[in-house]
Amino acid sequence: MSIFDKIPGLFTADMAIDLGTANTLVYVKGRGVILSEPSVVAYHVKDGVKKVLAVGEDAKLMLGRTPGSIEAIRPMREGVIADFDTAEAMIKHFIRKVHKRSTFSKPKIIVCVPHGATPVEKRAIRQSVLSAGARRAGLVAEPIAAAIGAGMPITDPTGNMVVDIGGGTTEVAVLSLGDIVYARSIRVGGDRMDEAIINYLRRQQNLLVGESTAERIKTSIGTARMPDDGRGSSMQIRGRDLLNGVPKETEISQAQVAEALAEPVQQICEAVMTALEATPPDLAADIVDRGVMLTGGGALLGDLDLALREQTGLAVSIADDSLNCVALGTGKALEFEKQLRHAIDYDS
């Protein structure tokens, strides 16, 4: 152990990382969220040897458009690591990007994991962070991080309900006294919504579109419930016609998108209903009073809060900075480590 490891916090910038299926955000102690990039790595493959070509934004542009010699990979699937080596390369790259100067000692890093992650998946995340150059790796449950980031008073003895809709998973949790009373993680999120749009267009319009087009449809005119006029706004999309194999352009309306997204939205609503059923009565009373907080990128889907309100009858609000909630919360857990000691898991 070198002398520099003994005086850890002195030369290092400790970090909190939100390793998301769609985006990875890095929070540096004392500086806030300073990096937010897509979780994509592009490799150049030559004679079976892989060399990292691009990470983040640059690699995302390559998704679905690569020649044979280049592979664009998303190492995170459903909130956990699917491709170990790629994830490690990605974390390394992001740490290096944030740590411009080479410091003497290694940073301490806190990462958030989905509540439903198995011990094996947690170990994979911890190992990748450690081998990417961390001194210690702590794990914090995503619902806790999301609630802290949304500014909910989770340390009070009252019930708080948070629904974090990410790229790969949706976490529904009831929190009280700084810990989880009930949590459920379902593997439905932004990616599943994109798939639903792709499948809908394939079935209804015989049009094959890629993931990036589906994501653009979702962010531009995506909605969780039927528009009042039965059609809503529309946009032009391009893809390949499955009948005669040529590229073509067509129009899709909000009503069609709402129909395509009906199933994933219904699954999210059901998860919330199940959580409410499993909540102890006193905490349920607090939730009626306080309502439900939506966080994560999926919370930005049009009218999702209204769809949930119709199903549950509760007040549903969207967090201010919902995309960065989990990263901000994980960062706060790093800043106020003493108070949130019980929520951070350093060894497993």
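A quick note: this is a predicted structure, and the numbers were derived from the prediction, not measured.

Draft legend 1. Region of interest: the environment of Met 62. Tracing the backbone through its elements, the reader meets Met 62 in helix α3 (residues 57-62). Residue classification places Met 62 among the partly exposed residues on the basis of a relative accessible area of 23%. Residues Met 62 and Val 40, 22 residues apart in the sequence, show an inter-C-alpha distance of 9.3 Å. Other than its neighbours up to four places away in sequence, Met 62 contacts Ala 42, Leu 53, Ala 54, Ile 70 and Ala 72.

Draft legend 2. Region of interest: unusual backbone geometry. Even without being a glycine, Asp 47 presents a positive backbone phi close to 50 degrees. With respect to the helices and strands, Asp 47 occurs in the loop between β4 (41-46) and β5 (49-55). In this structure, Asn 206 is a non-glycine residue whose phi angle is positive, near 50 degrees. Within the fold, Asn 206 resides in the loop between α7 (190-205) and β14 (207-208).

Draft legend 3. Main features of the pairing of strand β10 (residues 136-141). Here β10 lies mainly inside the structure; five of its six residues are buried. In the sheet, strand β9 (residues 108-113) pairs with β10 via six bridges, with the strands oriented parallel. Residue pairing across strands places Val 113 opposite Ala 141, the latter belonging to β10. In terms of handedness, the path from β9 via helix α5 (residues 119-131) over to β10 forms a crossover that is right-handed.

Draft legend 4. Highlighting the sheet that holds β4. Taken in spatial order, the three strands of this open sheet run β5-β4-β6, and their pairing is antiparallel. Each edge of the sheet is formed by a strand with only one pairing partner; in this case those strands are β5 and β6 (70-73). Sheet twist, expressed as the average angle between the axes of neighbouring strands with direction ignored, equals 30 degrees. Strand direction decides the pairing type here: β4 and β5, joined by six bridges, are antiparallel. What sits directly across from Ala 42, in β5, is Ala 54. In this fold helix α4 (residues 84-98) packs onto β4, β5 and β6, with an angle of close to 120 degrees to the strand it touches most, β4.

Draft legend 5. Representation of the confidence of the model for the protein within the structure. Of all residues in the protein, 94% attain a pLDDT of 70 or more, and the chain-wide mean is 83. Element-level mean pLDDT values for the protein span from 45 in helix α1 (residues 3-6) up to 90 in β14. Across residues 1-10 the pLDDT falls below 50, and counting only partners more than four positions away or on other chains, this stretch makes seven contacts in the model.

Draft legend 6. How the structure looks around the domain arrangement of the protein. Looking at the protein, the domain boundaries give domain 1 (15-143 + 326-345), domain 2 (157-188 + 265-323) and domain 3 (190-261). Taken together, the contacts link 14 residues of domain 2 with 10 residues of domain 3. Here domain 2 packs against domain 3, burying approximately 1,000 Å² in sum over the two surfaces, 56% of which is carbon and sulfur. Taken as a group, Gly 167, Val 265 and Leu 301 account for 40% of the area that domain 2 buries against domain 3, more than any other trio of residues on that side. Taken together, the connections running from domain 2 to domain 3 amount to one salt bridge. Note that Glu 310 and Arg 225 form a salt bridge whose closest N and O atoms lie 2.8 Å from each other. Within the residue set of the side of domain 2 that touches domain 3, elements represented by two or more residues are α10 (262-277) and α12 (304-312). Broken down by element, the residue count for the side of domain 2 that touches domain 3 peaks at four residues, all from α12.

Parameters at a glance
Residues numbered from 1 in each chain as written. Predicted model: local features only at pLDDT ≥ 70, side-chain atom pairs only at ≥ 80, totals over all residues. Heavy atoms only, no water. Helix = DSSP H or I, 4+ residues; strand = E, 2+ residues; numbered from the N terminus. Buried < 20%, exposed > 50% of the residue type's maximum accessible area, 1.4 Å probe, protein only. Contact = heavy atoms within 4.5 Å. Pairing = 2+ DSSP bridges. Right-handed = clockwise from strand over helix to strand, strands pointing away. Axes fitted to C-alpha atoms, helices over the stretch in contact; angles between N-to-C directions. pLDDT = per-residue confidence, 0-100. Domains from an automatic or database assignment. Buried area = accessible area lost by both parts, 1.4 Å probe. Salt bridge = Lys/Arg side-chain N within 4 Å of Asp/Glu carboxyl O.

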